[in-house]
Amino acid sequence: MREASYDMEDILDTFLVHVDGHGRRHQPGADADNAKFKLILKKIGDLFRRPSKIKLRHDIATAIKDIKKQLQEVAERRDRCKVEIVAKPASSSTIDPRLEAMYKEVTELVGIDGAVGEIISKLSLQRDEVSNNKLKIVSVLGIGGLGKTTLAKAVYDKLKADFNCGAFVPVGRNPDLKKVFRDILIDLDKNKYTDANLLILDERQLMDELRHFLGSKRSFIVIDDVWETKSWERISLALVENNWGSRIIITTRNSEVTSGEVYKLKPLSDENSRRLFYTRIFGGEDKCLDNQVDEVYDKILKKCGGIPLAIITMASLLVGKSREEWFEVCNSIGFRDKGLEQVDRTMDILSLSYYDLPHHLRACLLYLSVFPEDYIIDKNSLIWRWVAEGFIHKKQKIGLFEVGEGYFNDLVNRSMIQAVQSKYDGTIDGCRVHDMVLDLLRSLSSEENFVTLLLGNDDGTSSISNARRLAHQKRTLDTHLGNDNKGMQKMRSLIAYRCEKDKGLSFQSFKLLRVLGLENVYMKSWHNAKHLGDLLHLRYLGLKHTNMPELPEEIGGLKFLQTLDVMENICIKELPLSVGQLMQLLCLRAWGLIDCRMSIPNGILKKLTSLEELLVQCDYNNRNGNYWQFKELGNLSELRVLTIKVIEMNQNMLSELLQSVGNLHKMQSIKLDNFCRFQGPRNATFDAVGLPRDLRHLIVARRCFSFSRLPPCIGPSCVAKLSHLELEVTAIDEQSLQALGGLPQLCHLELLTDSTVTITNIDGCFQKLRIGRFDSSTVLFVLNEDSSVSFTLWNGRNVLYACRKDECRRAPAVMPNLQELSFQIDYRRSMSKCEGSLGNLGLEYLTSLQKVTVNIDCGRGFYGKEWIMEEETGLRRVIDVHPNHPTLILSRSNQVFKVREPYGYFMP
């Protein structure tokens, strides 16, 4: 059926190209997929009215007859095989692979002590008796095979004796909730319920019985492997909160299911991975000879990525094999050999998550098999590829990208992909796929002819001819791609990474290509690049970090093109004027490396009215002298994301930019990135400038611009949805700092200022802030006489009076969600201006704190080295006594012969 659908799509697209005058009269701005069928109907009518099209009409009719015959054969085969009967679910006789983990002896478990301790800490008794008596829930979240069941069982075994009763019950996919409730009751009281006829009770009666039983008991219940929110919602209704101090653990691979406190289970450390591997393969770490440890171990453990199930599986593959065979297993078999029991069990566990996905998510997930191992996949680029492939369709009042972003989040929540946070602002800007999951996806993609992958020495002669999507990851581009090969005509996607080729690609061979992604591809000749304009169905064109000398003018003929990505190109200096003809373009990324600055001719941007994402360079002194004006941005009414790599920009340009984007009501992200670390204008003022009300991200990188004061447009009444803010403000007062603290959605703030400013009462400010970076100031939290807390950013120049903790009063919580805090201590100024120890900064009031980063500016001298060490000791002491024991990262800057060199990490 899939092959038949591919063939039908080929016929329709070929028909459109030949009958529609090479696709060049397609109305700009129309949605290609929705308009296709209308075009077909119109052109079919033309066929009967124009004698010159008789042969084409005959060819199309013949192709349609062949498709109908093919579909009829599929239907008959389906009837013969009685697919409906075979596909009906039957009672399973296979053993649940989770059972083995449930009955492991604690002595056999490796690397679990730390996780067990953290879970017990989250479940432990509190000093407050009222809080202690309340029901407490802890969720253990992690991907399949990570050891959630094993961990939960270890905690359960350790604590169950402290409770009146307990139960450990697996749920799984498509659960029978009546069975789940019966199992809980039997675990809670085997004497009472083992012989009871619970089968006659319906779900409501079982829930009532369970609530009645738990009503007066202190219980400890583990609900293992919950897949769906609705299942947990039903189960939780029966787990009554009785103020007897009951505890519940749930394990899940879906973040939407979590409840209460969440413990995200991490992969094993390198040391524990090695211990588990040695235990499985040698019977213990002490039984491994030193001379047996070499690079093959590191390669194996790297592939397993700290996943216990992967380590056990790989060790099982290697038992009894020679050293030479170990290399062969590691390099060639991996997790793809379906002939071994341990491999089958591993794949079965991982595939459970895949088959639980709805069909639209399966296609999106399988597409990830085109990327290399250990590759960080850019989120936005991935979503635009999904759009180009046709995996995503518009919903009412929701754009294509927003729908795709929802798909991306679903895959993260289901633990199928691992989200990657930006190291700068903490946003999720990419993902990676664990090697085991990637092997599964590649296996499934191969079986379903979804993606054809060329690796290593694969000659590709047999597979390329039928490939619909080709992922090329060999060092040298395949010779078949350089010829005018008819086998290429059905290919829909060509993705190549880190390849070289003496001759150019034969672009004219890919008649139906929708996605062309070349990254780190270097060719001696690009003479065929002019044929890019012949790829009439192209939706996505990516030329990231290639040596293509210039984009051909013919590119303007790609009327369906939605994404043009020439990011980090090393040769292209200017986009051709014909780019202005790409009326369906949704995403444009055009910037070169520092030595190859890329410009956009005047007048192009204002024509691209469908643009939603724009990433460009800005060079005030561009050598071509025709850099586009920011006024053109005012025409891009659909623009949501704007990123500008600033090489050089003056205040007038910034003012023009902000005035233009203020009228773009769909704008969600504005980022000015300092590309060459230039020093921008200081003390700029923008009192009359407005910002889009739906703006979520405003990033003005340090050194780009310094505002003389906080612009009035940055406040709760103007940008209530702002979640990420980075800027430098020369002078900021208490009212302005309170305005930032009042932003209801602000979760990331990076603020540089020369001022000393204090919010007298910080209660109610920065309620959702998770990351706070004040790298030009020292932060202080001081308990006031009225038990409120003040917040100070100190510049090191004004006199700072001692801030002593009052041991007699209970410390209130401020900034309740702050997890990461960074600030600076200026040694030269602190020595003369601070009356008291900087080791007492009031960090105990930050109840969610997990990480503290402090830079000590040493003033380019060795004087006062003892004072510096004393203050570092004081900071360590503060961290040590903090209830969360956050990580402390210390660094020094402006030392003689050393500039901002991190010298140590302190983990209490």
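Data block above holds the structure.
Below, the structure is looked at part by part. For clarity, every value in this text was computed on a predicted model and none was experimentally measured.

What follows covers the overall build of the chain. Across its full length, the chain holds 25 helices and 29 strands. Here the chain holds 908 residues, and 53% of them are scored as buried. Counting only carbon and sulfur atoms, one obtains 49% of the accessible surface of the chain, whose full area is about 42400 Å².

Here we come to the pairing of strand β16 (residues 613-619). With 7 of its 7 residues buried, β16 lies for the most part within the structure. Side chains Glu-613, Leu-615, Gln-617 and Asp-619 project from β16 onto one buried face, and the interleaved Leu-614, Val-616 and Cys-618 project onto a second face that is buried too. Pairing of β16 with strand β17 (residues 641-648), which is carried by 7 bridges, proceeds in the parallel orientation. By the bridge assignment, Leu-614 is partnered in β17 with Leu-642.

Attention shifts here to the sheet that holds strand β6 (residues 377-378). Pairing in this open sheet of 3 strands is antiparallel, and the strands run β6-β8-β7 from one edge to the other. Edge positions in the sheet fall to β6 and β7 (418-421), since each has one partner strand and no second. Pairing of β7 with strand β8 (residues 428-432), which is carried by 4 bridges, proceeds in the antiparallel orientation. By the bridge assignment, Gln-418 is partnered in β8 with Arg-432.

Another point: the pattern of salt bridges. It is possible for side chains of opposite charge to pair when their charged atoms get near one another. Within the structure shown, the criterion is met by 21 salt bridges. We note a salt bridge from Lys-192 to Glu-209, for which the minimum N-O separation is 4.0 Å. Here Glu-209 lies in helix α11 (residues 203-214) and Lys-192 lies in helix α10 (residues 190-193), a separation of 17 residues in the sequence. Residue Lys-192 is classed as partly exposed on the basis of its relative accessible area of 45%. Given a relative accessible area of 23%, Glu-209 falls into the partly exposed group. Each member of the salt-bridge network shares a partner with another, and the members are Asp-378, Asp-565, Arg-589 and Glu-613.

Counting through the fold element by element, Gly-166 comes out in strand β2 (residues 165-172). A relative accessible area of 12% means that Gly-166 is categorised as buried. Residues Gly-166 and Leu-188, 22 residues apart in the sequence, show an inter-C-alpha distance of 5.2 Å. Gly-166 has contacts with Tyr-156, Asp-187, Leu-188 and Phe-220, leaving out every residue within four places of it along the chain.

Now for helix α8 (residues 148-159). Since the α-helix turns once every 3.6 residues, residues separated by three or four places project in the same direction. Over its 12 residues, α8 extends 17 Å from the first C-alpha to the last, a length consistent with the 16 Å expected when each residue adds 1.5 Å. Buried residues dominate α8, accounting for 10 of its 12 residues. For α8, the full list of buried residues reads Lys-148, Thr-149, Thr-150, Leu-151, Ala-152, Lys-153, Ala-154, Val-155, Tyr-156 and Leu-159.

To continue, consider the side chain of Ser-891. Residue position: Ser-891 is located in strand β28 (residues 887-893). The class of Ser-891 is buried, set by a relative accessible area of 8%. At 3.3 Å, the side chain of Ser-891 and the side chain of Asn-855 are in polar contact.

What counts as what
Residues numbered from 1 in each chain as written. Predicted model: local features only at pLDDT ≥ 70, side-chain atom pairs only at ≥ 80, totals over all residues. Heavy atoms only, no water. Helix = DSSP H or I, 4+ residues; strand = E, 2+ residues; numbered from the N terminus. Buried < 20%, exposed > 50% of the residue type's maximum accessible area, 1.4 Å probe, protein only. Areas by Shrake-Rupley, 256 points an atom, 1.4 Å probe, with all protein chains shown as cover. Pairing = 2+ DSSP bridges. Salt bridge = Lys/Arg side-chain N within 4 Å of Asp/Glu carboxyl O. Contact = heavy atoms within 4.5 Å. Expected span 1.5 Å × (residues − 1). Polar contact = N/O pair within 3.5 Å; in protein donor to acceptor, adjacent residues only side chain to side chain.

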